[in-house]
Amino acid sequence: AFGAGRWARLGAMDDDAYQLIEQAFETIALHGREGLRLAQVWPLLPGTAGAGAAAASARAFVWRQLRSHPELRFVEDAAAQGGDGAAGAAGGRTLSASELAPLEHGAAAALRALATERSQCWAIGADAEMLFELVGVGPGEPAVPTNANRRIQSLLRTVAKAGGAGVTQSDMPKAVGFAPNYLHYPLKLLEAGGLITGTPVLFERADPSKFGGTTVTTNYRLTRLLPPPPPPAPPDVSPTLASSLMALLHAAPQGVVRISELQAHFGLRARSQRNAWGRVRDHLLRQKLVRAVDILGGKKGTARVNCLQAVRPDTERGDVGQRIDVPPIEQVAAAVAR
């Protein structure tokens, strides 16, 4: 979506550029203590892969931001020198800011980017103390020599690396390298700790002739990366609610019920539900089915009480100088139910 000229001209970051840098940083942080070679980052970002001028310009822009990021360091990758990449991440030489400054993104492609420990914790949605309790080690510490902790760490790293796509339970054994019967406890532990969340999904079997074509598995993602839940459905403000409210008013003496009790009875007293209450109240007022009244109540009969009153021939408007005995709404509701 961005041409080469735009990235070259960009000074202060706009929203799209900021999101791209954040996505690059998060991708690196999600890969934990192993990190990622810079060349591995580009295919995971929008608009930075490929040989075109626009992609090259985008890579150059992202690299300029990443090389000065205070939460990242760049090390010489041992895998590029014939060694082990993971070991190189832990023991490779970290380049200084003066060494990084003259490097263009192409020359830096073999460098391995690693996020700080606190950024790794942020990326998976846990603080260091919580991570130690669940996994047994902090993000930058060497693995503890127990099979159980190694499995938990391996599962967490695998789910983290998958990002928003997640990993299905059926694909997990191959991804982590151990048998399916070892999955249950680590998955439940990480899920109970709130680090990962499992969601049922449908998938097609490779061989549908034996067990049928479609089955259900669980897809696991980092809880922090889940999309925000949809807003709660508004309370019932349909004719059902209006009819129920009117039935209560008509059953009450002189058609009067306290507003606070009506709100509580219909679950509309919370601050988040005030708009819903206002909609149904205003609807009934516009239809001239109810009127707002102030009456005297309380033990001494001097407290001002806000009420609704059903409009009907035998009801008179209650004023603040008049006392009306208003029974508890439970009694009125019982009368409606009979």
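Predicted model, so just to flag it, every value in this text is computed and none were measured.

Novice: How would you explain the overall build of the chain if you had to name every residue and give the values?
Specialist: Helix and strand counts for the chain stand at 16 helices and nine strands. Across the 338 residues in the chain, those meeting the buried criterion constitute 38%. The long-range share in the chain, meaning contacts at least 24 apart out of those at least 6 apart in sequence, stands at 59%. Entry remark: accessible area of the chain is about 18,300 Å², with carbon and sulfur atoms responsible for 54%.

Novice: Could you give an account of the sheet that holds strand β3 (residues 112-115), naming the residues involved and the relevant values?
Specialist: With antiparallel pairing, the three strands of this open sheet are ordered in space as β1-β3-β2. Edge strands, defined here as strands with exactly one partner in the open sheet, are β1 (36-37) and β2 (72-75). Inspection of the sheet shows β1 paired to β3 by two bridges, in the antiparallel sense. Its bridge partner being in β3, Arg37 is matched across the sheet by Arg112.

Novice: Break down the side chain of Gln309 for me, citing the residues and quoting the values.
Specialist: Relative to the elements of secondary structure, Gln309 occurs in strand β9 (residues 303-310). Among the residues examined, Gln309 registers a relative accessible area of 0% and is labelled buried. In terms of polar contacts, Gln309 uses its side chain to reach the backbone carbonyl oxygen of Gln254, at 3.0 Å.

Novice: Please give an account of the packing of helix α2 (residues 15-30) against helix α7 (residues 117-124) that cites residues and values.
Specialist: Look at α2 against α7: their axes get within 8 Å of each other, and the N-to-C directions meet at 95°. The angle between the axes of α2 and α7 places the two elements in the roughly perpendicular class. Contacts between α2 and α7 involve Phe25, Glu26, Ala29 and Leu30 from the former and Ser119, Gln120, Trp122 and Ala123 from the latter.

Novice: Could you give me a rundown of the confidence of the model for the chain, with the residues and numbers involved?
Specialist: This prediction gives the chain a mean pLDDT of 78; 75% of its residues lie at or above 70. Counting interchain partners and residues more than four positions distant, the pLDDT-below-50 stretch residues 1-12 has 19 contacts. Contacts from residues 80-88, a stretch scored under 50 in pLDDT, to residues over four places away or in other chains number 13 contacts.

Novice: With reference to specific residues and values, describe the packing of aromatic side chains.
Specialist: Across all of its chains, the model carries two aromatic pairs by this definition. With a centroid separation of 5.1 Å and 80° between ring planes, the pair formed by Trp63 and Phe74 is classed as edge-to-face. Placement of Trp63 in helix α4 (residues 53-66) and of Phe74 in strand β2 is noted, with a sequence separation of 11 residues between them. For the pair Trp63 and Phe74, one class covers both residues: buried. In this arrangement the basic side chain of Arg224 is found over the ring face of Trp122, its NZ or CZ atom lying 4.3 Å from the centre.

Novice: Tell me about the environment of Phe178, and please be specific about residues and values.
Specialist: Tracing the chain through its elements places Phe178 in the loop between α10 (172-176) and α11 (184-192). The spacing of Phe178 and Ser154 is 24 residues in sequence and 9.7 Å in space, taken between C-alpha atoms. Ignoring any residue separated from it by four or fewer positions in sequence, one finds Phe178 in contact with Arg151, Ser154, Leu155, Pro173 and Leu183.

Novice: Before we move on, could you go through the sheet that holds strand β6 (residues 214-222) and cite the residues and values that matter?
Specialist: Ordered by their spatial adjacency, three strands build an open sheet running β4-β6-β5, and the pairing between neighbours is antiparallel. Where the open sheet ends on each side, the last strands, each with one partner, are β4 (167-168) and β5 (196-204). Across two bridges, the pairing between β4 and β6 is antiparallel. If you follow Val167 over to β6, its bridge partner there is Tyr220. In the packing of α11 onto the sheet, contacts are made with β5 and β6, and the angle to β5 comes to roughly 125°.

Thresholds, definitions, all that
- Residues numbered from 1 in each chain as written.
- Predicted model: local features only at pLDDT ≥ 70, side-chain atom pairs only at ≥ 80, totals over all residues.
- Heavy atoms only, no water.
- Helix = DSSP H or I, 4+ residues; strand = E, 2+ residues; numbered from the N terminus.
- Buried < 20%, exposed > 50% of the residue type's maximum accessible area, 1.4 Å probe, protein only.
- Contact = heavy atoms within 4.5 Å.
- Areas by Shrake-Rupley, 256 points an atom, 1.4 Å probe, with all protein chains shown as cover.
- Pairing = 2+ DSSP bridges.
- Polar contact = N/O pair within 3.5 Å; in protein donor to acceptor, adjacent residues only side chain to side chain.
- Axes fitted to C-alpha atoms, helices over the stretch in contact; angles between N-to-C directions.
- Parallel < 35°, antiparallel > 145°, perpendicular 65-115°, else oblique.
- pLDDT = per-residue confidence, 0-100.
- Phe/Tyr/Trp six-rings, centres within 6.5 Å; stacked < 30°, edge-to-face > 60°.
- Lys NZ or Arg CZ within 6 Å of the ring centre and 35° of its normal.

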